[in-house]
Amino acid sequence: MSTLKKDSGSPDKYDIFIRRIDHFQSLVEEKKNLQAKITFIQQEYQEKIRPLEEELAGIIKKLEANLSKLEGGVPQPAGTAKFSRGQLGTSIKDLLRANPQKTFKPREIAEGLNTKGTTVSLWFNKYGVNDPEIDRVPAGKDGKRFVYKIK
C-alpha cells in the first residue's frame, strides 16, 4: 500500500509526458495564430500599396515622355518594338537611306529601331538577301558575317 500512496501523490512519467505534450500543442497553436495574423497583415499591405505603385509607375512613364520631349528627342517605348515583316523591311530601308555612306551590323540596326537583333538578322536572311535596294557586304572571318548598306 505504501507504493499506491506514493504514486497517487506525485506525478508519474505519463503525467509528465501529457503535460509536455499539452505545452507543445499550445505552442503550435500560438505559432499558427501568429502566422495567420502575419498573412492577414501582408494581404492588407499589398491591397493598400498596389494602387500607389501603379500610380507611381504611370507618373514615371509620363515624366520620361516629357523629359524626352524637352530634350528634343522621341519618347522611348518601354520595351522592344514589334514590327510586321513589311514594316520591318521598310523601317530598315529608311534607316539605311538616312545614312547611305555607312554600313550597319544587324545589331546596330536593331538598336536604331528599338527591336531585337535576332529579328533583324532573320529578316535579312529570309527577305533581305534578294532585296535589290540593300547591299549585303561580307565581313568578319571567312565572310560568314555581313554588314548592310543601301545601294
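Placed above this text is the structure.
On a predicted model such as this, the values are computed, not experimentally measured, just so you know. (Residues numbered from 1 in each chain as written. Predicted model: local features only at pLDDT ≥ 70, side-chain atom pairs only at ≥ 80, totals over all residues. Heavy atoms only, no water.)

Peer 1: Got a minute to help me understand the pairing of strand 2 (residues 145-150) in this structure?
Peer 2: Looking along a regular strand, one sees the side chains alternate between the two faces of the sheet. Pairing geometry for strand 1 (residues 134-139) and strand 2, over six bridges, is antiparallel. Pairing of Ala 139 across the sheet is with Arg 145, part of strand 2. Between strand 1 and the antiparallel strand that follows it, strand 2, lie five residues; Gly 140 among them carries a positive phi value of about 80°. (Pairing = 2+ DSSP bridges. Helix = DSSP H or I, 4+ residues; strand = E, 2+ residues; numbered from the N terminus.)

Peer 1: I would appreciate a short explanation of the packing of helix 4 (residues 106-113) against helix 5 (residues 117-128) in the present structure.
Peer 2: Between helix 4 and helix 5, whose axes approach to 8 Å, the crossing angle comes to 120°. Considering their axes alone, helix 4 and helix 5 lie oblique with respect to each other. Note that helix 4 runs across helix 5; the crossing there is right-handed. Contacts between helix 4 and helix 5 involve Pro 106, Ile 109 and Ala 110 on the former and, on the latter, Gly 117, Val 120, Ser 121 and Phe 124. Grouping the amino acids of the contact of helix 4 with helix 5 by side-chain chemistry returns five nonpolar, two polar and no charged. (Axes fitted to C-alpha atoms, helices over the stretch in contact; angles between N-to-C directions. Parallel < 35°, antiparallel > 145°, perpendicular 65-115°, else oblique. Left-handed = near helix turned anticlockwise from the far one by under 90°. Contact = heavy atoms within 4.5 Å. Nonpolar A, V, L, I, M, F, W, Y, C, P; charged D, E, K, R; others polar.)

Peer 1: Where do I start with the packing of aromatic side chains in this structure?
Peer 2: Each aromatic ring pair is summarised here by two numbers: the centre-to-centre distance and the angle between the ring planes. Taken as a whole, this structure holds three aromatic pairs when the rule is applied. When the ring of Trp 123 is compared with that of Tyr 127, the centres are 6.5 Å apart and the planes differ by 40°; the resulting orientation is tilted. One end of the pair, Trp 123, and the other, Tyr 127, are both in helix 5, four residues apart, so they sit about a helical turn from each other. Its relative accessible area of 31% is what places Tyr 127 among the partly exposed residues. Between Phe 124 and Tyr 148, the aromatic rings sit 3.6 Å apart at their centres with planes inclined by 5°, giving stacked as the arrangement. Residue Phe 124 is located in helix 5, and its partner Tyr 148 is located in strand 2; the two are separated by 24 residues in the primary sequence. (Phe/Tyr/Trp six-rings, centres within 6.5 Å; stacked < 30°, edge-to-face > 60°. Buried < 20%, exposed > 50% of the residue type's maximum accessible area, 1.4 Å probe, protein only.)

Peer 1: Hey, could you run me through the nonpolar core in this one?
Peer 2: A general feature of soluble globular proteins is that nonpolar side chains tend to end up buried together. The biggest cluster of nonpolar side chains holds 13 residues, and the ones touching the most others in it are Ile 92, Leu 96, Ile 109, Val 120, Trp 123, Phe 124 and Ile 134. Elements with a minimum of two residues in this core: helix 3 (85-98), helix 4, helix 5 and strand 2. (Core = buried A, V, L, I, M, F, W, Y, C linked by side-chain atoms within 4.5 Å.)

Peer 1: How should I be thinking about a nonpolar patch on the surface in this particular structure?
Peer 2: Residues Phe 17, Ile 18 and Ile 21 make up a contiguous nonpolar surface patch of roughly 290 Å² in combined accessible area. Mapped onto the elements of the fold, Ile 18 is located in helix 2 (residues 13-71). (Patch = residues over 30% accessible without salt bridge, like charges linked within 9 Å, V, L, I, M, F, W, Y side chains within 5 Å. Areas by Shrake-Rupley, 256 points an atom, 1.4 Å probe, with all protein chains shown as cover. Salt bridge = Lys/Arg side-chain N within 4 Å of Asp/Glu carboxyl O.)

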